[in-house]
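Chain and residue survey
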Amino acid sequence: MDPVAETSQTDNPNSDDLVATIALPDDAEAAKIARGFVIEHSDHLRKDLIDDAQLLVSEIVSNAVRHGRPDITLQVRLHPPGIGVVVEDAGPGLPRLPTAPPDPIHPSGRGLLIVDALASAWGVSLNEPPPGKAVWFDLEPA
């Protein structure tokens, strides 16, 4: 699947937010494409915020590929000085924060902990109509 990107202004006429959306492949390349898309659409933001957004989008997209189902889409919403990101997939399962620290020798299970630690806000919304969900985060400068 070739990524297809779309960029538009938000539906709110009083908003200067720029919204860009891309369809992602359901494979290991998805996180790389998502990081590049964040960079491409955040050139007016602080470097530390862009770095954090790339890390968080990698975690959420990797979860969508690993635990979700196609189709996977990424939406980037710029609202300088911050950024909002939404990753949607058609999988029925909801991501949850671990209730206990992950085993130090286990290579996974830390993604949402990283999102929870770095994002200004984040959450999960069920798609209407089901199946699927949207995992989102907002980043604002400290």
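Residues numbered from 1 in each chain as written. Predicted model: local features only at pLDDT ≥ 70, side-chain atom pairs only at ≥ 80, totals over all residues. Heavy atoms only, no water.

Let us now look at the pattern of salt bridges. Considering all chains together, one arrives at four salt bridges under this definition. The salt bridge involving Asp51 is made with Lys47; its shortest N-O contact spans 2.9 Å. Pair noted here: Asp51 and Lys47 are both in helix α2 (residues 47-67), with a separation of four residues, about one helical turn. Using a relative accessible area of 33% as the deciding quantity, one classes Asp51 as partly exposed. A salt bridge links Lys133 to Asp89, with the shortest nitrogen-to-oxygen separation between them at 2.8 Å. Taken together, the residues span a long stretch of sequence, with Lys133 in strand β6 (residues 133-139) and Asp89 in strand β4 (residues 82-89) at a distance of 44 residues. For Lys133, a relative accessible area of 5% corresponds to the buried category. By relative accessible area, Asp89 is classed as buried at 5%. (Salt bridge = Lys/Arg side-chain N within 4 Å of Asp/Glu carboxyl O. Helix = DSSP H or I, 4+ residues; strand = E, 2+ residues; numbered from the N terminus. Buried < 20%, exposed > 50% of the residue type's maximum accessible area, 1.4 Å probe, protein only.)

Moving on, we get to the nonpolar core. Core analysis: the largest hydrophobic core is formed by 29 residues, its most contacted members being Leu24, Val57, Val61, Leu74, Ile83, Val87 and Phe137. Breaking this core down by element, the ones donating at least two residues are β2 (18-24), α1 (29-40), α2, β3 (72-79), β4 and β6. Per-element accounting of this core gives the leading share, eight residues, to α2. (Core = buried A, V, L, I, M, F, W, Y, C linked by side-chain atoms within 4.5 Å.)

Of note, the bond from Pro80 into Pro81 is cis; its omega dihedral lies within 30 degrees of zero at 10 degrees. Cis geometry marks the peptide bond from Glu128 to Pro129; its omega dihedral reads 5 degrees. Assignment of secondary structure puts Pro129 in the loop between β5 (121-126) and β6.

Attention shifts here to the confidence of the model for the chain. Residues at a pLDDT of 70 or more form 89% of the chain, whose mean pLDDT is 87. Predicted confidence for residues 7-15 stays below pLDDT 50, and this span has 14 contacts to residues more than four positions away or in other chains. (pLDDT = per-residue confidence, 0-100. Contact = heavy atoms within 4.5 Å.)

Side chains on a regular strand alternate between the two faces of the sheet. Alignment of β2 against β3, held across seven bridges, turns out to be antiparallel. Residue Leu24 lies in a different strand from β3, and its bridge partner there is Ile72. Two elements, β3 and β4, share seven bridges in a ladder whose sense is antiparallel. Across the sheet, the residue bridging to His79 is Gly82, located in β4. Between β3 and β4, which pair antiparallel in sequence order, lie two residues. (Pairing = 2+ DSSP bridges.)

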